[in-house]
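Commentary on secondary and tertiary structure
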Amino acid sequence: MRSARLDWLAVEVMKELPREAHGAVQQLFTEVAGRPDWWPAPGGEEAAEAFGSECWIVYVAYLDGIEVRDIGWLS
């Protein structure tokens, strides 16, 4: 698996998510980080989205992993 790091906005969103959301969002990070074939072109200029059952992330790719720019949660 490659790395997944959080942009400042994603960190702020994670702080405000309900406790039950954290595991689902982290699972989605892990799944996307392990699937480079889903990533947009590396370089951080093109964003992509990934969806879980109750959450989604917006991320960019670099050669060593992804950076999550935003997180959403259905409450």
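Residues numbered from 1 in each chain as written. Predicted model: local features only at pLDDT ≥ 70, side-chain atom pairs only at ≥ 80, totals over all residues. Heavy atoms only, no water.

Notes on the pattern of salt bridges
Which entries qualify depends on this criterion: Put simply, a salt bridge is a Lys or Arg side-chain nitrogen that is within 4 Å of an Asp or Glu carboxyl oxygen. Secondary structure is summarised from DSSP: a helix means a run of H or I of at least four residues, a strand means a run of E of at least two, and numbering begins at the N terminus for each. Partly exposed residues are those whose accessible area sits between 20% and 50% of the maximum for their type, while under 20% is buried and over 50% is exposed, using a 1.4 Å probe and protein chains only.
Summed over all chains, the structure comprises four salt bridges. For the salt bridge of D64 with R5, the shortest nitrogen-to-oxygen distance reads 3.6 Å. Of this pair, D64 sits in the loop between β3 (55–62) and β4 (65–73) while R5 sits in strand β1 (residues 3–6); the two residues are 59 residues apart in sequence, bridging distant segments of the chain. Judged by relative accessible area, R5 falls into the partly exposed class, the value being 31%. Between R35 and D37 there is a salt bridge, with the nearest N and O atoms lying 2.7 Å from each other. The exposure class of D37 is exposed, given its relative accessible area of 54%.

A short note on the environment of P42
The topology assignment puts P42 in the loop between α2 (19–33) and β2 (48–51). Sequence separation between P42 and G65 is 23 residues; the distance between their C-alpha atoms is 8.8 Å.

Notes on the environment of E45
The residue E45 is located in the loop between α2 and β2 in this model. It is 19 Å that separates the C-alpha atoms of E45 and F29, two residues lying 16 residues apart in sequence.

With respect to the sheet that holds β4
Here is the rule we go by: At least two bridges found by DSSP between two strands are what make those strands a pair. For every element, the axis is a line fit to its C-alpha atoms; helices are fit only across the contacting stretch, and the angle between N-to-C directions ranges from 0 to 180 degrees. Residue contacts follow a heavy-atom distance rule, with two residues in contact if any of their heavy atoms lie within 4.5 Å.
The sheet built from four strands is open, its strands ordered β1-β4-β3-β2 with mixed pairing. Where the open sheet ends on each side, the last strands, each with one partner, are β1 and β2. Averaged over all pairs of adjacent strands, the angle between strand axes in this sheet comes to 35°, irrespective of strand direction. One ladder, built from eight bridges, connects β3 with β4; its direction is antiparallel. Bridge pairing in β4 links A61 to I66. Along the sheet, helix α1 (residues 8–16) contacts β1 and β4; its crossing angle with β4, the most-contacted strand, is approximately 40°. Lying on the sheet, α2 is in contact with β1, β2, β3 and β4; it crosses β4 at an angle near 145°.

Fair warning: the whole summary comes from geometry, so function is off the table for now.
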